[in-house]
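Structural overview for review
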Amino acid sequence: MHNTSKKVLYNMVIIALFTALTFVGTYVQIPLGTSKVHLGNFVCILAGLLCGGLVGGISGSLGMGLNDLLSGYGPDTYIRSFIVKFLLGFIAGALFRYLIKKEKKITYRFYFISGAFLITFITLLVLYLTKGEVIQMDAKRKFTISILLLSLLAVMSVFFFVIQLFVKKINLVQRYVLYVASIASIFNITLEFLIKIPFKVWMASLTWEGATIYAVSSLPSSLITCIVTTLFVTFIYIPLYTATQKINRLNDVYENIQKITSLESENKEDVVSEQE
């Protein structure tokens, strides 16, 4: 068998494996409102980190899309999953490789994200307290600020503030994983929310108001899934990476991780030497 054929076969096996794991992980769930908290996103992002964006994207798309299809959800749900979950896994894998290969400094990025959520929360809170829930932008357009939206922004602000407290206590590889998982998960929440509304209108015959209410009501479960996914991936990536690096033929960040790990070890030894 030619090397190309072996590579294609290996990719297919890995994708099939992570698709199955994502499918099963989505069944590990807690119903919450109109949606659910599940582990499918966790496996999808993990596949992207370990084997690349394409594996993560296809595995997440097929695993969660088929899960929704076989669970009896309508086309507005499983088609959305096929699209959004592919982008979730692909972004996680591609962004992780870009950052770690370019050795980008990312600590300040956490401050930027935390600040963005905090400023947005404070701005909307002030508008809510001074202008009320509904803000008339002009004769035809209005902007609604719900308590749920404010609550979600507050939770995300607190979440990223808590990250600031321990981000410097974890190693650099974990920081890359934490940052990538956070960005991919936030992207997933935002895109799912934006796509869910027109899909519910076009495919489930809901009104725009009804679709918006449905989309907003699913945000709490999406947020909790985001937090659980981010924390799980951050602390399980290195043990899994270490356990699979010798058999993972799609591990194209080995040299980069080894370099980062070696530099951190040298820096720690220098600090200990100076203290002695």
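Everything quoted here is computed from the prediction, not taken from an experiment.

Rules and cut-offs
- Note on numbering: residues in each chain are counted from 1, in written sequence order.
- Only residues with pLDDT of 70 or above have their local features reported here, since the model is predicted, and side-chain atom pairs are shown and tallied only from 80 upward, although totals for entire chains, interfaces and linings are computed over all residues.
- Calculated side-chain values reflect all of the structure's heavy atoms, with hydrogen atoms and water omitted.
- The secondary structure listing takes helices from DSSP runs of H or I that are at least 4 residues long and strands from runs of E that are at least 2 residues long, numbered from the N terminus.
- Exposure categories follow from relative accessible area, calculated using a 1.4 Å probe and restricted to protein chains: below 20% of the type maximum is buried, above 50% is exposed, and the middle band is partly exposed.
- Here, two residues are considered to be in contact whenever any of their heavy atoms come within 4.5 Å of each other.
- Residue-level accessible areas treat just the shown protein chains as cover; the underlying method is Shrake-Rupley with a 1.4 Å probe.
- N or O atoms within 3.5 Å of each other form a polar contact, as long as, within protein, one can give a hydrogen and the other can take it, and as long as residues adjacent in sequence are counted only when both atoms are side-chain atoms.
- A helix is expected to reach a length of 1.5 Å times the quantity of its residues less one.
- Only Phe, Tyr and Trp rings take part, Trp by its six-membered ring, and two of them pair if their centres are within 6.5 Å. Stacked means planes under 30 degrees apart, edge-to-face means over 60, and tilted covers everything else.
- Throughout this description, the term nonpolar core refers to a set of buried Ala, Val, Leu, Ile, Met, Phe, Trp, Tyr and Cys residues connected via side-chain atoms within 4.5 Å.
- Think of each axis as a best-fit line through the C-alpha atoms, taken over the contacting stretch in the case of a helix, with angles from 0 to 180 degrees between the N-to-C directions.
- In these notes the angle categories are as follows: under 35 degrees is roughly parallel, over 145 is roughly antiparallel, 65 to 115 is roughly perpendicular, and the rest is oblique.
- What makes a crossing left-handed is the near helix being turned counterclockwise from the far one by less than a right angle; a clockwise turn instead makes it right-handed.
- Throughout this entry, Asp, Glu, Lys and Arg are counted as charged residues, while Ala, Val, Leu, Ile, Met, Phe, Trp, Tyr, Cys and Pro are counted as nonpolar. The remaining residues, Gly among them, count as polar.
- A patch is a set of surface residues, each over 30% in relative accessible area and not in a salt bridge, joined within 9 Å for like charges and within 5 Å for the nonpolar side chains Val, Leu, Ile, Met, Phe, Trp and Tyr.
- Only one rule defines a salt bridge in this text: a Lys or Arg side-chain nitrogen within 4 Å of an Asp or Glu carboxyl oxygen.

**Some details on the overall build of the protein chain**
Per the secondary structure count, the protein chain includes ten helices and four strands. Element order for the protein chain, N to C, with α for helix and β for strand: α-β-β-α-α-α-α-β-β-α-α-α-α-α. Per-residue burial for the protein chain yields a buried fraction of 43% across its 276 residues. Of the contacts made within the protein chain by residues no fewer than 6 positions apart, 73% connect residues no fewer than 24 positions apart. Accessible area for the protein chain stands at about 14800 Å²; split by element, carbon and sulfur atoms hold 67% of it.

**Side note on the side chain of Ser-221**
Checked against the element boundaries, Ser-221 lands in helix α9 (residues 219–244). Taking relative accessible area as the criterion, Ser-221 reaches 0% and is therefore assigned buried. Of note is the side chain of Ser-221, whose polar atom sits 2.9 Å from the backbone oxygen of Ser-218.

**Here we look at helix α7 (residues 172–203)**
Look at α7: 45 Å from first C-alpha to last across 32 residues, which is about the 46 Å you get at 1.5 Å a residue. In terms of residue burial, α7 counts as a mostly covered element, since 24 of its 32 residues are buried. For α7, the side-chain oxygen to backbone nitrogen distance between the N-cap and Val-173 is 3.2 Å, and the N-cap itself is Asn-171. Phi for Ser-205, located one or two positions after α7, is positive at around 60°.

**Examining the packing of aromatic side chains**
Tallied over the full model, the rule gives six aromatic pairs. Judged by centre distance (5.3 Å) and plane angle (75°), the ring pair of Phe-23 and Tyr-27 falls under edge-to-face. Residue Phe-23 and its partner Tyr-27 are both found in helix α1 (residues 3–27); the two are separated by four residues, about one turn of the helix. Residue classification places Phe-23 among the partly exposed residues on the basis of a relative accessible area of 23%. Residue Tyr-27 is classed as partly exposed on the basis of its relative accessible area of 44%. Ring centres of Phe-42 and Phe-232 lie 5.9 Å apart, and the angle between their planes is 85°; on these two criteria the pair is classed as edge-to-face. Highlighted residues: Phe-42 in helix α2 (residues 40–51) and Phe-232 in helix α9, separated in sequence by 190 residues. Given a relative accessible area of 12%, Phe-42 falls into the buried group. Aromatic rings pair up to connect Phe-96, Tyr-237 and Tyr-241 into one cluster.

**Side note on the nonpolar core**
If you look at the biggest cluster of nonpolar residues, it comprises 56 residues, and the most contacted ones within it are Phe-18, Ile-45, Leu-49, Phe-96, Met-156, Phe-160 and Tyr-237. Not counting residues up to four positions away in its chain, the partners in contact with Phe-96 are Leu-49, Ile-91, Tyr-176, Val-177, Val-180, Tyr-237 and Val-253.

**Quick notes on the side chain of Glu-192**
Checked against the element boundaries, Glu-192 lands in helix α7. Excluding anything up to four places from it in sequence, Glu-192 contacts Arg-80, Val-84, Lys-85 and Ser-222.

**Some thoughts on the packing of α1 against α2**
Close contact between α1 and α2 brings their axes to 7 Å; oriented N to C, the two are set at 155°. It follows that α1 is roughly antiparallel to α2 by the angle criterion. Judged by the twist between their axes, the crossing of α1 over α2 is right-handed. On the side of α1, the interface is formed by Ile-14, Phe-18, Leu-21, Thr-22, Gly-25 and Thr-26, while α2 contributes Gly-40, Val-43, Cys-44, Ala-47, Leu-50 and Cys-51. Split by residue class, the contact of α1 with α2 holds eight nonpolar, four polar and no charged.

**Regarding a nonpolar patch on the surface**
There is a patch of nonpolar side chains on the surface, built from Tyr-27, Leu-62, Leu-66, Leu-69 and Leu-70 and spanning about 450 Å² of accessible area. Sorting elements by how many residues they give to the nonpolar patch places helix α3 (residues 53–70) first, with four residues. Take Leu-70: it is sitting in helix α3. According to the relative accessible area criterion, Leu-70 is exposed, its value standing at 60%.

**Quick word on the environment of Val-155**
Mapped onto the elements of the fold, Val-155 is located in helix α6 (residues 147–166). Along the sequence, Val-155 and Ile-224 sit 69 residues apart, while their C-alpha atoms lie 9.7 Å from each other.

**So, the environment of Ala-47**
For Ala-47, the location among the structural elements is in helix α2. Given the relative accessible area of 0%, Ala-47 is considered buried. Residues Ala-47 and Ile-14 lie 33 residues apart in sequence; the distance between their C-alpha atoms is 9.1 Å. When near neighbours in sequence (up to four residues on either side) are disregarded, Ala-47 contacts Phe-18, Gly-52, Val-55 and Gly-56.

By themselves, these figures tell us nothing about what the structure is for.
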